[in-house]
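# Survey of secondary and tertiary structure
Letter by letter, the chains look like this.
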Amino acid sequence: MSDVGSARRAKDELKAKISGEPWCVGIGVEREDGVGFIVRVSIRSGGADAARAVIPERIGGVLIKVIENDP
């Protein structure tokens, strides 16, 4: 299970990498049952392919969850 400190570090690393991308809406840390803390990345509708090409599945053991916003 990942702790909040690890998740925040992963969030900061990812934010530095993708915050300027046009499909990136927001990046946050949240708790998920059975996993611990994860990084949630919200992307604009239609940006899933571009986002998944850049966003890793995990950073330092912290799960990265990509959520596509509704149009």
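Everything below is about the structure printed above this text.
This section reports on the structure supplied with the text. (Residues numbered from 1 in each chain as written. Predicted model: local features only at pLDDT ≥ 70, side-chain atom pairs only at ≥ 80, totals over all residues. Heavy atoms only, no water.)

## Topic: the pattern of salt bridges
Pairing is possible between side chains of opposite charge, provided their charged atoms come close. Spelled out, the test is: In what follows, salt bridge is the name for a side-chain nitrogen of Lys or Arg lying within 4 Å of a carboxyl oxygen of Asp or Glu. Helix numbers and strand numbers start at the N terminus; a helix is a DSSP run of H or I with at least 4 residues, a strand a run of E with at least 2. A simple rule labels every residue: compare its accessible area, found with a 1.4 Å probe on the protein chains alone, to the largest value its type can have, and call it buried under 20%, exposed over 50%, or partly exposed in between.
Under the definition given, this model contains 2 salt bridges. In this structure, Arg40 engages Glu30 in a salt bridge whose closest nitrogen and oxygen atoms are separated by 2.8 Å. Here the residue Arg40 occupies a position in strand 2 (residues 36-43), and Glu30 occupies one in strand 1 (residues 24-32), the gap between them amounting to 10 residues. Assessed through its relative accessible area of 27%, Glu30 is described here as partly exposed. When the shortest N-O distance is used, the salt bridge between Glu32 and Lys65 registers 3.1 Å. Taken together, the residues Glu32 in strand 1 and Lys65 in strand 4 (residues 62-68) connect sequence positions 33 residues apart. A residue is classified by how much of its surface remains accessible, and Glu32, at 22% relative accessible area, is partly exposed.

## Structural notes on the sheet that holds strand 1
The test is simple: Strands are labelled as partners when DSSP assigns at least two bridges between them. The contact definition used throughout considers only heavy atoms, calling two residues in contact when any of these lie within 4.5 Å. In this description, a line fitted to the C-alpha atoms serves as the axis of each element, helices being fitted only across the stretch in contact, and the angle between N-to-C directions of two axes falls anywhere from 0 to 180 degrees.
Spatially, the 4 strands line up as an open sheet ordered 1-2-4-3, and their pairing is mixed. Every interior strand has two partners, whereas the edge strands, strand 1 and strand 3 (58-59), have only one. Bridging between strand 1 and strand 2 involves 8 bridges; their strand directions are antiparallel. Across the sheet, residue Arg31 finds its bridge partner in strand 2, namely Phe37. Here helix 1 (residues 4-18) sits on the sheet and contacts strand 1, strand 2, strand 3 and strand 4; the angle it forms with strand 1, its principal contact strand, is near 170 degrees.

## Looking at the nonpolar core
Selection criterion: In this text, buried Ala, Val, Leu, Ile, Met, Phe, Trp, Tyr and Cys residues form a nonpolar core when linked through side-chain atoms within 4.5 Å.
Leu14, Ile18, Val39, Val41 and Ile55 are the most contacted members of the largest nonpolar core, which totals 17 residues. When contributions to this core are tallied by element, the ones reaching two or more residues are helix 1, strand 1, strand 2, helix 2 (48-54) and strand 4. Here this core takes 4 residues from helix 1, the largest share from any one element. Residue contacts for Val41: discarding those within four places in its chain leaves Leu14, Ile18, Gly26, Ile27, Ile55, Ile64, Lys65, Val66 and Ile67.

## Side note on the environment of Arg44
Structurally, Arg44 can be placed in the loop between strand 2 and helix 2. Separated by 25 residues in the primary sequence, Arg44 and Asn69 have C-alpha atoms spaced 5.4 Å apart. Contact partners of Arg44, with chain neighbours within four places excluded, come to Pro22, Trp23, Val25 and Glu68.

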